[in-house]
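A look at the structure
The primary structure of each chain is shown beneath.
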Amino acid sequence: MRNAPFKRFCDHLAQHLHMTPVQGLRAWGLLAVLLWLPGVGGTLKHSMLTHMGVQVSLLAVAGHGLGRAWLAHHPEHVQAVRPYRWALLLMAVFTLMVWMVPRLLDLAVEQPEIDLIKALSLVLCAGLPLAWAWPQLPAVAQGVLHLEALATLWRMGWLYLDSPSRLCVRYGLADQHSLGRGLMAAGAVYALWLAWTVLRGQTVPIPMNVAETHP
Amino acid sequence: MEQPRDLGKTLTAALCVAVVGAGLLWQLTAGLQIFTSETWRRTEIASAPRALPDVLLEDEHGQTFPLRSLCGQVMVLDFIYTRCPTVCKTLGATSSQLAQRFTQAGQAVTVMSVSFDAQYDHPRHLAAFKQHMEPQASTWRLARPVHNTERDQLLATAGVVVIPDGMQGYEHNAALHIVDKNCRITQLIDMEDMDHAQRTVQTLL
């Protein structure tokens, strides 16, 4: 399974916005900074749903965008990172696992230093490595990762929805349940998208050289 | 097909990241045991008891006294606010019953509920809450910090986090705080577990 629809969307967006790779780097970098700054970041941290569901997710997305823009700007790095694709994937997975721990979410609210580490790690150690590793993973691995991500969304959603006590002391129980419902809904949308992708039978030939992806 | 040299790089890099990542996760969760702030608070206090700060309190009779004037006796503290519709009522009932148990056993233990809602919980509200919670008066005391800064200091020491619930009330992490004769919070126990609280207090007497 390939992320062809998402890739086409990103490319279409970039073309529509007439963004060069350098502009892409600036745009994604700006998004990451905005998501962290006290104004937007502080507002997003008021609620568990927006903190984990929006800010954490978008920081990883910004990192992913930065990673793609970087490779578009430096196509010679595509082959250079290939031997490290599994390490990059593991880095992204571990980083996301860390920020799923409820106590870490509390610490990010309580301590600005932890919040900064959260933003930097999600951008540079989750989103960016994932952007570099993903296109070079075998289709089977991508399929397994899609399913595991879906299962994680639903597991976390169920945990937050079903737990009778608050997992984060900085957020109320109703807020926690809202996050649970949000994660379950996101999982449902993700599942539909996966099913649609599979049913359409999209395949993308694995590029044999850099020129095919970066003319 | 991957070259042997690249395969070596791939495996080495992946192994290094796996070890560092797993190690980091292990460290942050204390061996995959602590995932929530509340669990961390309880574990931390059990391993490193915290000295109660010097806080001026006002009880349900309007009498003021320093919290540390109660040092020398084992205490069971909990944190409430009287407008609370659920959790604090359970805490109050538990505290009242605990106080009665200690009295019946002839054990000199101070059981006290401290309100963090100083603005509303004047002594008369504290007294009304006590009367409502227990048909038969016990040695259970209620009090509120006189100064907000000291209240915040006490809550921070106990690790109690109070957040608005959006309905003019509060949500907070609740527990029975067992305080030894040296005025140190030594253990936190679930508010429903009176038997455990009683046993723990007896080990400190």
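Residues numbered from 1 in each chain as written. Chains lettered and ligands numbered in written order. Predicted model: local features only at pLDDT ≥ 70, side-chain atom pairs only at ≥ 80, totals over all residues. Heavy atoms only, no water.

So, about the overall build of chain A. In terms of regular secondary structure, chain A is built from 11 helices and 0 strands. For chain A, the N- to C-terminal ordering of α and β elements is α-α-α-α-α-α-α-α-α-α-α. Taken over 215 residues, chain A has a buried fraction of 42%. In chain A, 73% of the contacts between residues at least 6 apart in sequence involve partners at least 24 apart. Carbon together with sulfur atoms contributes 73% to the accessible area of chain A, which is approximately 11,000 Å² in total. (Helix = DSSP H or I, 4+ residues; strand = E, 2+ residues; numbered from the N terminus. Buried < 20%, exposed > 50% of the residue type's maximum accessible area, 1.4 Å probe, protein only. Contact = heavy atoms within 4.5 Å. Areas by Shrake-Rupley, 256 points an atom, 1.4 Å probe, with all protein chains shown as cover.)

The helix and strand tally for chain B stands at 6 helices and 10 strands. A compact globule built from 205 residues would reach a C-alpha radius of gyration of about 17 Å, whereas chain B, at 22 Å, exceeds it by more than 25%. The dimensions of chain B, computed from C-alpha atoms along their principal axes, are 80 × 40 × 30 Å. Taken over 205 residues, chain B has a buried fraction of 48%. Long-range contacts, defined here as pairs at least 24 residues apart, represent 69% of the contacts in chain B between residues at least 6 apart. Element-wise, carbon and sulfur atoms account for 54% of the exposed surface of chain B, whose accessible area totals about 10,100 Å². Mean positive and mean negative side-chain charge positions of chain B (17 and 21 charges, respectively) differ by 3 Å. (Rg over C-alpha atoms; globule rule 2.2 N^0.38 Å. Lys, Arg positive; Asp, Glu negative; His and termini not counted. Charge placed at Lys NZ, Arg CZ, Asp CG, Glu CD.)

This next bit is on a nonpolar patch on the surface. Residue and element names in this part refer to chain A. There is a patch of nonpolar side chains on the surface, built from Leu30, Val33, Leu34, Leu37 and Val40 and spanning about 390 Å² of accessible area. With 3 residues, helix α2 (residues 21-36) is the largest single contributor of residues to the nonpolar patch. The topology assignment puts valine 40 in helix α3 (residues 38-44). Relative accessible area serves as the criterion here: at 39%, valine 40 is assigned to the partly exposed category. (Patch = residues over 30% accessible without salt bridge, like charges linked within 9 Å, V, L, I, M, F, W, Y side chains within 5 Å. Salt bridge = Lys/Arg side-chain N within 4 Å of Asp/Glu carboxyl O.)

This brings us to the sheet that holds strand β1 (residues 50-51) of chain B. Residues and elements named next belong to chain B. A sheet is described by the order of its strands in space; here 8 strands give the open sequence β1-β10-β9-β4-β5-β6-β2-β3, paired in mixed fashion. Either end of the sheet is taken by a strand with one partner, and the two such strands are β1 and β3 (64-66). Contacts from helix α4 (residues 123-133) reach β2 (56-59), β4 (74-80), β5 (109-115) and β6 (141-145), with the element oriented near 150° to β6. (Pairing = 2+ DSSP bridges. Axes fitted to C-alpha atoms, helices over the stretch in contact; angles between N-to-C directions.)

Before going further, it helps to examine the packing of aromatic side chains. Remark: the centre distance and the inter-plane angle together describe each pair of aromatic rings, the angle taken between the planes. Residue and element names in this part refer to chain B. According to the stated counting rule, one finds 5 aromatic pairs over all chains in the structure shown. Through a chain of ring-to-ring contacts, the aromatic side chains of Tyr81, Phe116 and Tyr170 assemble into a single cluster. The side chain of arginine 83 reaches across the aromatic face of tyrosine 120, ending 4.7 Å from its centre. Its end group placed over the ring of phenylalanine 65, arginine 141 keeps NZ or CZ at 4.4 Å from the ring centre. (Phe/Tyr/Trp six-rings, centres within 6.5 Å; stacked < 30°, edge-to-face > 60°. Lys NZ or Arg CZ within 6 Å of the ring centre and 35° of its normal.)

All names here are of chain A. The domains assigned to chain A are domain 1 (7-131) and domain 2 (138-205). Computed from C-alpha coordinates alone, the two centres of domain 1 and domain 2 are separated by 18 Å. At the interface, 17 residues of domain 1 touch 18 residues of domain 2. Approximately 1,500 Å² of surface area, both sides summed, lies buried where domain 1 meets domain 2, with 71% of it carried by carbon and sulfur atoms. Between domain 1 and domain 2 we count 1 salt bridge in total. In this structure, glutamate 110 engages arginine 170 in a salt bridge whose closest nitrogen and oxygen atoms are separated by 3.0 Å. Summed over the shared surface of domain 1 and domain 2, the result is 7 residue pairs in polar contact (both at pLDDT 80 or more). Listing elements by their share of the side of domain 1 that touches domain 2, those giving two or more residues are α4 (48-73), α6 (85-98) and α7 (102-110). (Domains from an automatic or database assignment. Buried area = accessible area lost by both parts, 1.4 Å probe. Polar contact = N/O pair within 3.5 Å; in protein donor to acceptor, adjacent residues only side chain to side chain.)

As a further point, take the interface of chain A and chain B. Each side of the interface is counted separately: chain A has 21 residues, and chain B has 25 residues. Buried surface at the junction of chain A and chain B, both sides included, amounts to about 2,000 Å², of which 70% is carbon and sulfur. At the junction of chain A and chain B, the tally comes to 1 salt bridge. Counting the contacts that link chain A with chain B gives 5 residue pairs in polar contact (both at pLDDT 80 or more).

Before going further, it helps to spend a moment on the packing of α4 of chain A against α7 of chain A. Two quantities define a packed helix pair, namely the angle between the axes and the distance from one axis to the other. All names here are of chain A. Packing of α4 against α7 brings their axes to within 12 Å, and their N-to-C directions diverge by 105°. The orientation of α4 relative to α7 falls into the category roughly perpendicular. Contacts between α4 and α7 pair Met48, His51 and Met52 from the former with Leu105, Ala108 and Val109 from the latter. (Parallel < 35°, antiparallel > 145°, perpendicular 65-115°, else oblique.)

So, on to the confidence of the model for chain B. Overall, the predicted model of chain B reaches an average pLDDT of 92, with 98% of residues at or above 70. Taken together, the chains of this predicted complex give a pTM of 0.85 and an interface ipTM of 0.86. (pLDDT = per-residue confidence, 0-100.)

Residue and element names in this part refer to chain B. By the element assignment, aspartate 59 lies in strand β2. On the basis of relative accessibility, which here comes to 2%, the residue aspartate 59 falls in the buried class. A polar contact of 2.9 Å, which involves the side chain of aspartate 59, links it to the backbone nitrogen of histidine 61. Those residues in contact with aspartate 59 that sit more than four places away from it in its chain are Phe65, Pro123, Leu126, Arg141, Leu142 and Ala143.

Residues and elements named next belong to chain B. In terms of burial, β4 is largely enclosed, as 7 of its 7 residues are buried. Across the two faces of β4 the burial is the same, with Val74, Val76, Asp78 and Ile80 and Met75, Leu77 and Phe79 all buried. In this sheet, β5 lies alongside β4 in parallel orientation, the contact comprising 7 bridges. Residue methionine 75 lies in a different strand from β5, and its bridge partner there is threonine 110. Following the chain from β4 across helix α3 (residues 87-104) to the adjacent parallel β5, one finds a crossover that is right-handed. Taken together, the 3 bridges between β4 and strand β9 (residues 176-179) define a ladder with antiparallel strand orientation. (Right-handed = clockwise from strand over helix to strand, strands pointing away.)

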